[in-house]
Amino acid sequence: MRKRIKAVAVCVGIALTAPASAQEELNFDAYREMLADGNPAELYEMEGEELWRTARGPNNATLEQCDLGLGAGVVAGAAAQLPRYFEDAGRVQDIETRLMYCMETLQGIPSKEIIDGKFLQGERAKLAALVAYVVTHSKGEKIAIDLSHPKVKEMYELGERTFYYRLGVMDFSCASCHSQDGKRIRATQLPNITTREGAAEGWGSWPAYRVSSSQFWTMQHRLWDCFRQQRAAEPIFGSDVIIALSTFMAGKGNGIEAKWPGVKR
Amino acid sequence: MKKLFIAVPLALCASVAVADELQAKVEEMMLSSFKANGIASLDRQKQDEIQQACSSPTPPDAATMQRLQAAEMAKIQWPADGNYTGGDWKEGQKIAASGRGLTWTDKTPNNNGGGCYNCHAMDPNEVSEGTIGPSLEGYAKLRGNGEEIVKYTWGKLWNSKAYHACSDMPRNGYGGILTEAQIRHVMAFLFDPASPVNQ
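Conventions adopted
Residues numbered from 1 in each chain as written. Chains lettered and ligands numbered in written order. Predicted model: local features only at pLDDT ≥ 70, side-chain atom pairs only at ≥ 80, totals over all residues. Heavy atoms only, no water. Helix = DSSP H or I, 4+ residues; strand = E, 2+ residues; numbered from the N terminus. Buried < 20%, exposed > 50% of the residue type's maximum accessible area, 1.4 Å probe, protein only. Contact = heavy atoms within 4.5 Å. Areas by Shrake-Rupley, 256 points an atom, 1.4 Å probe, with all protein chains shown as cover. pLDDT = per-residue confidence, 0-100. Disulfide = S-S within 2.5 Å. Core = buried A, V, L, I, M, F, W, Y, C linked by side-chain atoms within 4.5 Å. Phe/Tyr/Trp six-rings, centres within 6.5 Å; stacked < 30°, edge-to-face > 60°. Axes fitted to C-alpha atoms, helices over the stretch in contact; angles between N-to-C directions. Parallel < 35°, antiparallel > 145°, perpendicular 65-115°, else oblique. Left-handed = near helix turned anticlockwise from the far one by under 90°. 1 Å grid on protein atoms, 1.4 Å probe; cavity = no way out; pocket = protein on both sides within 12 Å on 5 of 7 lines; lining within 4 Å. Points joined across faces, edges and corners; volume = space filled by probe spheres on them. Nonpolar A, V, L, I, M, F, W, Y, C, P; charged D, E, K, R; others polar.

How would you sum up the overall build of chain B? Please name residues and give values.
Each helix and strand in chain B was counted, giving seven helices and one strand. The linear arrangement of helices and strands in chain B, starting from the amino end, is α-β-α-α-α-α-α-α. Put simply, chain B has 199 residues, and 42% of those count as buried. Restricting to contacts in chain B with at least 6 residues of sequence separation, those with at least 24 account for 57%. Total accessible area on chain B stands at roughly 10300 Å², and carbon and sulfur atoms take up 58% of it.

The following block contains the structure:
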């Protein structure tokens, strides 16, 4: 498996060093296609599957009774319908906050440990692997979140307001970069999240394996870094602003196929 | 018929009330969902008048835009000695290329880049250039270096919102992103005939 990753990295190196003129559209689709065949996210998916079935935490329990919205233990298709409102938790949850809830209620692993933790480390890293496992079982499914639920609808509306909310020393909002077609920051292409296709592209390609950093990033990780680049204060893991933006993107992209897990530059 | 007359204003009131409630929730969430980290304090989550007015898909009406722009215009600091373009274009080139600064991983609020290439083409030899802003290739070659364009460019760099209240461009001088000396270097990068921008 290690060797396979090395081979992938070599291919990427070749693709990135290919000469490109200023006029040429800087497009990484070709090498993304090459990668899709051996997406290193598979490693995380395997780790996640093992974590799902392994008895862990103070309660020495597995996650096999975790209800991701389609009934206890049902993983197939669950990610495509998240975020959703969960009666037991009393709030709208995305895949990450729902898994965190299951880890606490079933295994006894305190959510605080994850909320106060760091990405790629400790229980938050384990949570990311679980995300990889769960989304893989919604690969190719159409995004289908339930906007008819008043709590979900409210989250969508809060997310839409957040998307346009300018703040900080640089006056940026999400819309500053993500409200026009075919735009780039440097060489990075930006999805237009105000359109159905762009929202689905943004929502449906995370979590993803990031080639540039050799890391697996969840959607919360991605949004956290967006806020960093926006020059905002630091968003709290699993907080409403993350759920709101997620609900907005997923809801806007409803009906379009998700491509989880993605491969990104 | 009478009922309709009563119902319409009531419905209007209701929708306004709902909208205000949503706005209040957003403002509360933009504080409660965040924590301060290093130089990125929670003050960043509170909007000033410009940010508030430009936080919807539709810009404010023309009169409001003009009022906001006039207020921003008054915040521009013009060079006291009249030296607009006497910076070092090579320094300006570095500032334009650097997108660093002012995130919660930056230790100091000083020594920031301008991040110009994030959105603009400048030196035709730089391939990795953003497209959110207009191309600035051949800036002075195309526009000349008359007093009007020089002053406009300084003002735009210092406070872009003076010219378009809802511009996507940061207020570099007013926001303390770049110093006066740095802005002068960027001006040289745009106006110096020897600068690669004008080749």
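Residues and numbers for the confidence of the model for chain A, please.
On average, residues of chain A score 89 in pLDDT, and 86% of them reach the 70 mark or higher. The low-confidence segment residues 1–25 of chain A (pLDDT under 50) makes 25 contacts with residues lying over four places distant or belonging to another chain.

If you had to explain the state of the cysteines to someone new, which residues and values would you point to?
Residue and element names in this part refer to chain A. The full count for this structure, using the stated rule, is two disulfides over all chains. In this model Cys66 forms its disulfide with Cys102; the gap between the sulfur atoms is 2.0 Å. Looking down the S-S bond of the Cys66 and Cys102 bridge, the torsion is 75°, so its handedness is right-handed. Here Cys66, found in the loop between α3 (41–53) and β1 (84–86), pairs with Cys102, found in helix α4 (residues 95–107); they are 36 residues apart in sequence, far enough to count as distant.

Quick one: what's the story with the nonpolar core, residue by residue and with numbers?
Side chains of a nonpolar character, in soluble globular proteins, are inclined to be buried together. One finds A:Trp52, A:Leu68, A:Ile95, A:Leu99, A:Val134, A:Phe163 and A:Phe227 to be the most contacted residues of the largest nonpolar core, which totals 70 residues. Here this core gets eight residues from one element, more than from any other, and that element is helix α11 (residues 240–252) of chain A. Leaving out residues up to four positions away in the same chain, A:Leu68 has contacts with A:Trp52, A:Val74, A:Val75, A:Ala78, A:Leu82, A:Arg84, A:Phe86, A:Arg98, A:Leu99 and A:Val134. Counting 31 residues, the second-largest nonpolar core is a separate cluster that includes B:Tyr84, B:Trp154, B:Ala162 and B:Val186.

Just give me the short version of the packing of aromatic side chains, but keep the residues and values in it.
Remark: the centre distance and the inter-plane angle together describe each pair of aromatic rings, the angle taken between the planes. Residues and elements named next belong to chain A. All chains considered together, the criterion is met by 13 aromatic pairs over all chains. With a centroid separation of 5.2 Å and an interplanar angle of 55°, the aromatic rings of Phe119 and Trp224 are classed as tilted. Pair noted here: Phe119 is in the loop between α5 (111–115) and α6 (122–136) and Trp224 is in helix α10 (residues 219–230), with a separation of 105 residues, a long-range link. A relative accessible area of 13% means that Phe119 is categorised as buried.

Now, about the packing of helix α9 (residues 196–204) of chain A against α11(A): what can you tell me, with residues and values included?
Two quantities define a packed helix pair, namely the angle between the helix axes and the distance between the axes. All names here are of chain A. Taken N-terminus to C-terminus, the directions of α9 and α11 make an angle of 125°; their axes are 7 Å apart at the nearest point. It follows that α9 is oblique to α11 by the angle criterion. As α9 runs across α11, the sense of the crossing is left-handed. When α9 is examined against α11, the residues Arg196, Ala199 and Trp203 are found in contact with a partner set consisting of Ser246, Met249, Ala250 and Lys252.

Kindly report on empty space enclosed by the protein, identifying the contributing residues and their values.
Residues and elements named next belong to chain A. For the coordinates displayed, the defined rule picks out five cavities of 30 Å³ or more. Together, Ala79, Leu82, Asp94, Ile95, Glu96, Val131, Val135, Trp203, Trp206, Pro207, Met219 and Trp260 line the largest cavity. For the lining of the largest cavity, the elements supplying multiple residues, two or more each, are α4 and α6. A per-class count over the lining of the largest cavity returns 10 nonpolar, no polar and two charged. Within this model, the second largest cavity holds a volume of roughly 50 Å³. Lining the second largest cavity are Glu96, Phe119, Leu120, Arg124, Leu127, Ala128, Phe216, Trp217, Thr218, His221 and Phe237. For the lining of the second largest cavity, the secondary structure elements donating two or more residues are α6 and β6 (215–217). A per-element tally of the lining of the second largest cavity places α6 first, with three residues. Taken together, the residues that form the lining of the second largest cavity break down as seven nonpolar, two polar and two charged.

Got a sec to walk through the environment of B:Gly144? Specific residues and values, please.
All names here are of chain B. Here Gly144 lies in the loop between α5 (139–143) and α6 (147–158). With a relative accessible area of 28%, Gly144 lands in the partly exposed category. With 47 residues separating them along the chain, Gly144 and Phe191 place their C-alpha atoms 8.2 Å apart. Not counting residues within four places of it along the chain, the set of residues in contact with Gly144 comprises Ile149 and Phe191.

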